[in-house]
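Next come the chains, spelled out residue by residue.
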Amino acid sequence: MVITWGEPRRLGVPDAEARLRFAAERQEAGGGPGRRLLVVDGEPAFELSAWCGTCAFLFSRLETATQTLSSAGVQEQLAGTLDDPDAGGVIDAFGALLPAGEYLPVLLRIEPRPVVPGKEGDYFSGEQVATWGLDDFWGLPQYPHTPYYRTFETAVDASAHLYEFVVPMVPPTWNDRRRVDEYAELMARGTVPTAVAVSTLDVCEPASARSADHYRHWGLTHFLLDGHHKLEAAATTGRPVQLLSLLALGEGLAGAEDHARLPTLRTRPRSARTNGM
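For clarity, every value in this text was computed on a predicted model and none was experimentally measured.

Here is what the cut-offs are and how they apply
- Residues numbered from 1 in each chain as written.
- Predicted model: local features only at pLDDT ≥ 70, side-chain atom pairs only at ≥ 80, totals over all residues.
- Heavy atoms only, no water.
- Helix = DSSP H or I, 4+ residues; strand = E, 2+ residues; numbered from the N terminus.
- Buried < 20%, exposed > 50% of the residue type's maximum accessible area, 1.4 Å probe, protein only.
- Core = buried A, V, L, I, M, F, W, Y, C linked by side-chain atoms within 4.5 Å.
- Phe/Tyr/Trp six-rings, centres within 6.5 Å; stacked < 30°, edge-to-face > 60°.
- Contact = heavy atoms within 4.5 Å.
- Pairing = 2+ DSSP bridges.
- Axes fitted to C-alpha atoms, helices over the stretch in contact; angles between N-to-C directions.
- Parallel < 35°, antiparallel > 145°, perpendicular 65-115°, else oblique.
- Left-handed = near helix turned anticlockwise from the far one by under 90°.
- Nonpolar A, V, L, I, M, F, W, Y, C, P; charged D, E, K, R; others polar.
- Salt bridge = Lys/Arg side-chain N within 4 Å of Asp/Glu carboxyl O.
- Arc of directions from axis to C-beta.

Draft legend 1. Local environment of unusual backbone geometry. In this structure, Asp41 is a non-glycine residue whose phi angle is positive, near 50 degrees. Within the secondary structure layout, Asp41 lies in the loop between β4 (36–40) and β5 (43–48). The exposure class of Asp41 is partly exposed, given its relative accessible area of 36%. With phi around 60 degrees, His145 is a residue other than glycine that occupies positive phi space. The residue His145 is located in the loop between α3 (127–132) and β9 (148–157) in this model.

Draft legend 2. Expanded view of the nonpolar core. With 44 residues, the main nonpolar core has Leu20, Phe94, Phe223 and Leu225 as its most contacted residues. In terms of residues, this core owes the most to one element, helix α2 (residues 90–95), which gives 4 residues. Tyr149, Leu162, Leu231 and Leu265 belong to the second largest nonpolar core, which has 30 residues in total.

Draft legend 3. Structural detail: the packing of aromatic side chains. Applying the stated criterion across every chain yields a total of 14 aromatic pairs. A ring pair is formed by Phe57 and Phe165, whose centres lie 5.5 Å apart and whose planes are at 20 degrees; its orientation type is stacked. Of this pair, Phe57 sits in the loop between β5 and β6 (59–61) while Phe165 sits in strand β10 (residues 160–167); the two residues are 108 residues apart in sequence, bridging distant segments of the chain. Each of the two residues, Phe57 as well as Phe165, counts as buried.

Draft legend 4. Representation of the environment of Arg239 within the structure. Considering the arrangement of structural elements, one finds Arg239 in the loop between α5 (228–237) and β13 (241–248). Spatially, the C-alpha atoms of Arg239 and Phe137 are 40 Å apart, while their sequence positions differ by 102 residues. Leaving out residues up to four positions away in the same chain, Arg239 has contacts with Ile110, Pro112, Met187, Ala188 and Ala234.

Draft legend 5. Geometry of the environment of Gln67. Relative to the assigned elements, Gln67 resides in the loop between β6 and α1 (75–78). Here Gln67 falls in the partly exposed class, since its relative accessible area comes to 38%. In this structure the C-alpha to C-alpha distance between Gln67 and Met169, which are 102 residues apart in sequence, comes to 6.7 Å. Ignoring sequence-local partners within four residues, the contact set of Gln67 consists of Val40, Asp41, Met169 and Val170.

Draft legend 6. Structural context of the sheet that holds β5. An order of β3-β4-β5-β6 is seen for the 4 strands of this open sheet, with the pairing classed as antiparallel. Sheet topology places β3 (20–24) and β6 at the edges, where each strand pairs with a single neighbour. The average undirected angle you get between the axes of adjacent strands in this sheet is 30 degrees. Here β4 runs beside β5; their pairing, made up of 4 bridges, is antiparallel. Each bridged residue has a counterpart across the sheet, and for Val39 the counterpart in β5 is Pro44.

Draft legend 7. The arrangement of the packing of helix α4 (residues 177–188) against α5 in detail. Contact geometry for α4 and α5: axes closest at 8 Å, N-to-C directions at 60 degrees. With respect to their mutual orientation, α4 and α5 come out oblique. Helix-helix and strand crossings are classified by hand; for α4 and α5 the assignment is right-handed. For the pair α4 and α5, contact is made by Arg177, Arg179, Val180, Tyr183, Ala184 and Met187 and by His229, Lys230, Glu232, Ala233, Ala234 and Thr237, respectively. Broken down by class, the residue content of the contact of α4 with α5 amounts to 6 nonpolar, 2 polar and 4 charged.

Draft legend 8. Looking closely at the pattern of salt bridges. Under the definition given, this model contains 15 salt bridges. The partner of Glu232 in a salt bridge is Arg177, with the nearest N and O atoms 2.7 Å apart. A residue pair is termed long-range when its members are at least 10 positions apart, and Glu232 in helix α5 and Arg177 in helix α4 qualify at 55 residues. Take Glu232: its relative accessible area is 11%, and that puts it in the buried class. Salt-bridge contacts for Glu182 lead to Arg178; the nearest nitrogen and oxygen are separated by 2.8 Å.

Draft legend 9. Geometry of helix α6 (residues 256–266). Taken together, the buried positions of α6 are occupied by Asp258, His259, Leu262, Leu265 and Arg266. Taken down its axis, α6 places every buried residue within 110 degrees of arc, on the same side. Structural note: α6 exposes Ala256, Glu257, Ala260 and Thr264 on the side pointing more than 90 degrees away from its buried face.

Now the structure itself:
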């Protein structure tokens, strides 16, 4: 459910001051482009989809991903339902953690479903394998090295499908059990707390048409800045949570026309992909 879909705005601080930034590894001499990375506190935290746009969609947690991000000054507003994303300076507070750029503030109400890689519901060993097949070298599906949450999916058109993910900076097993239980109790009394994420849209399609189920995958990925305990509580109790997404318009593998279609797509009825749809 979309609560508010804002207008693009300039947020962030210079790269040297940003706790989170998007980066590219240096290109090896004579080689191809380096990896796309999400960097937190100067350490690579996630590898992202390859630049080519024909490789499989990806978010993969790296060994140096050990930090979560939050803004202490707005915790009271986020403990409950956030009716206005601009209320109390929430957007500006989290914008100060990000690199300068164009961001689209979006306030959603989601019902997260927990996923463990390789288990039931895993996108990487399900829908992605049907389109790209197994990794040519390992003979295995792509592996994100983290549990994650699935929230929404729908058809873009006859040849494309949108998948939405919420990705914790650290695994739910690192969460404080007491805080998760506190949020579960709040939710049982009707409270709908708010989490915050920085998000990207990657549109990927295999170069070859030989796959069993060829179509474009739109991956809308929300990397959690704040709300790890809230997401786990919502996922384990089957209750909704709000998500304030700051969609980084200049950092994904998508064009302006793709971003412009998101408001309509995100308000469509949810529909799962079936082979040959």
